[in-house]
Amino acid sequence: MSFGTSQLVGLLQRERATVVVFLVLLAAALTVRLATPFEFPVAWNDESFFIGQAYALAKHGTLFVDALHPDRPLMWMPPGYFIYLAGVFSLFDYSFDVARWASTVLYLASACLALILIRQLPLTPWARRLALALTLVAFLSPYTLAMSNIARMEALYTMLYLLSLLMMLRGRPGIGLAIVIASATVHYNAVYLLLPYAVLVLWVILRRDQLVLRASELLAL
């Protein structure tokens, strides 16, 4: 067995609880996507708005769709998710199935980020097991599973918010804040994720500490 392989095996053994949680979430997402592709949830009119504009952007370079916007109210939602979905359609061509798979991938990315976040926290073994159990419950809730199988923006902004928190925990608050600001192009809920950064700034002020941003963080902002 090579050194790299033995390291990987050792890591999997140490993180077996995390791996088990991810495999359960992977199985749940694939079950929903493959066993109930268009039944959980049933097709929703909001999906046609997102898909229509994404398709128009991928094929014609415009977000305007005559059938959806007779009065030309183009920006009924920020365009971030349209742009993401248009990129997916450019790579894999359009289908309703592909549009829902795009959310499944984001759901799994969010699950990975949540598990990495837990690993970053200085938790006791008992607290870590509790965190894994709560993460499992959260990601197996009907709402979150539905989020993994619908052509809407929830899975994308969930992934962005978790990535932002991970950057904060890794000592890169500037990059984390930049991600939150950028996520405002996906949904207005980004304003709520400004609260952890407001707390961070208040904490620095109260401690009379310094908040030092690296060049990469300033560039991201």
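Please refer to the structure higher up on the page.
Criteria and thresholds
Residues numbered from 1 in each chain as written. Predicted model: local features only at pLDDT ≥ 70, side-chain atom pairs only at ≥ 80, totals over all residues. Heavy atoms only, no water. Core = buried A, V, L, I, M, F, W, Y, C linked by side-chain atoms within 4.5 Å. Buried < 20%, exposed > 50% of the residue type's maximum accessible area, 1.4 Å probe, protein only. Helix = DSSP H or I, 4+ residues; strand = E, 2+ residues; numbered from the N terminus. Patch = residues over 30% accessible without salt bridge, like charges linked within 9 Å, V, L, I, M, F, W, Y side chains within 5 Å. Areas by Shrake-Rupley, 256 points an atom, 1.4 Å probe, with all protein chains shown as cover. Salt bridge = Lys/Arg side-chain N within 4 Å of Asp/Glu carboxyl O. Axes fitted to C-alpha atoms, helices over the stretch in contact; angles between N-to-C directions. Parallel < 35°, antiparallel > 145°, perpendicular 65-115°, else oblique. Left-handed = near helix turned anticlockwise from the far one by under 90°. Contact = heavy atoms within 4.5 Å. Nonpolar A, V, L, I, M, F, W, Y, C, P; charged D, E, K, R; others polar. Polar contact = N/O pair within 3.5 Å; in protein donor to acceptor, adjacent residues only side chain to side chain. Expected span 1.5 Å × (residues − 1).

(A) Layout of the nonpolar core. Of all hydrophobic cores here, the largest spans 51 residues; its most connected members are Tyr81, Leu85, Phe89, Tyr107, Phe139, Met153 and Leu156. Where this core is concerned, the elements lending two or more residues are α2 (16–35), α3 (45–60), α4 (80–92), α5 (96–120), α6 (125–139), α7 (142–147), α8 (154–169) and α9 (173–183). Ranked by the residues each element gives to this core, the list is headed by α5, at 12 residues.

(B) Expanded view of a nonpolar patch on the surface. A grouping of Ile181, Val191, Tyr192, Leu194, Leu195, Val201, Ile205, Leu211, Leu213, Leu218 and Leu221 is seen on the molecular surface, where their side chains present a nonpolar patch of about 1,000 Å² in accessible area. If one sorts the elements of the nonpolar patch by residue count, helix α10 (residues 194–206) sits on top with 4 residues. Here Tyr192 lies in the loop between α9 and α10. Among the residues examined, Tyr192 registers a relative accessible area of 55% and is labelled exposed.

(C) Geometry of the pattern of salt bridges. A complete count under the given rule lists 7 salt bridges for this structure. Salt-bridge contacts for Asp46 lead to Arg152; the nearest nitrogen and oxygen are separated by 2.4 Å. Taken together, the residues Asp46 in helix α3 and Arg152 in the loop between α7 and α8 connect sequence positions 106 residues apart. On the basis of relative accessibility, which here comes to 9%, the residue Arg152 falls in the buried class. Of the charged contacts, one joins Lys59 and Asp93 as a salt bridge, the two residues approaching to 3.0 Å between their closest N and O atoms.

(D) Focus on the packing of α8 against α9. α9 packs onto α8 with a crossing angle of 165° between their chain directions and a minimal axis gap of 7 Å. Classified by the angle their axes make, α8 and α9 are roughly antiparallel. Crossing of α8 over α9 shows left-handed handedness. Of the residues in α9, those in contact with Leu160, Tyr161, Leu163, Ser164, Met167 and Met168 of α8 are Pro173, Ile175, Gly176, Leu177, Ile179, Val180 and Ser183. Residues that form the contact of α8 with α9 fall into these classes: 10 nonpolar, 3 polar and no charged.

(E) Layout of the environment of Thr104. Topologically, Thr104 is positioned in helix α5. On a C-alpha basis, the gap between Thr104 and Ala27 in space is 11 Å, while along the polypeptide they are 77 residues apart. Not counting chain neighbours up to four residues away, the residues in contact with Thr104 comprise Ala29, Arg33 and Ser148. One polar contact links the side chain of Thr104 to the main-chain carbonyl oxygen of Ser148, over a distance of 2.8 Å.

(F) Examining α10 more closely. Under the 1.5 Å per step criterion, the end-to-end length of α10 is 18 Å for 13 residues, consistent within 8% with the ideal 18 Å. Immediately beyond the C-terminal end of α10, within one or two residues, lies Arg208, with a positive phi of roughly 55°.

(G) Broad picture of the environment of Ala56. Topologically, Ala56 is positioned in helix α3. Distance in space between the C-alpha atoms of Ala56 and Phe82 is 9.5 Å, their sequence separation being 26 residues. With residues up to four places along the chain from it excluded, the contact list for Ala56 reads Gly61, Thr62, Phe64 and Val65.

(H) Fine view of the side chain of Asn149. Within the element layout of this structure, Asn149 appears in the loop between α7 and α8. Using a relative accessible area of 0% as the deciding quantity, one classes Asn149 as buried. Separated by 3.2 Å, the side chain of Asn149 and the backbone oxygen of Thr36 make a polar contact. Not counting residues within four places of it along the chain, the set of residues in contact with Asn149 comprises Val32, Arg33, Thr36, Pro37, Phe40, Pro41 and Arg100.

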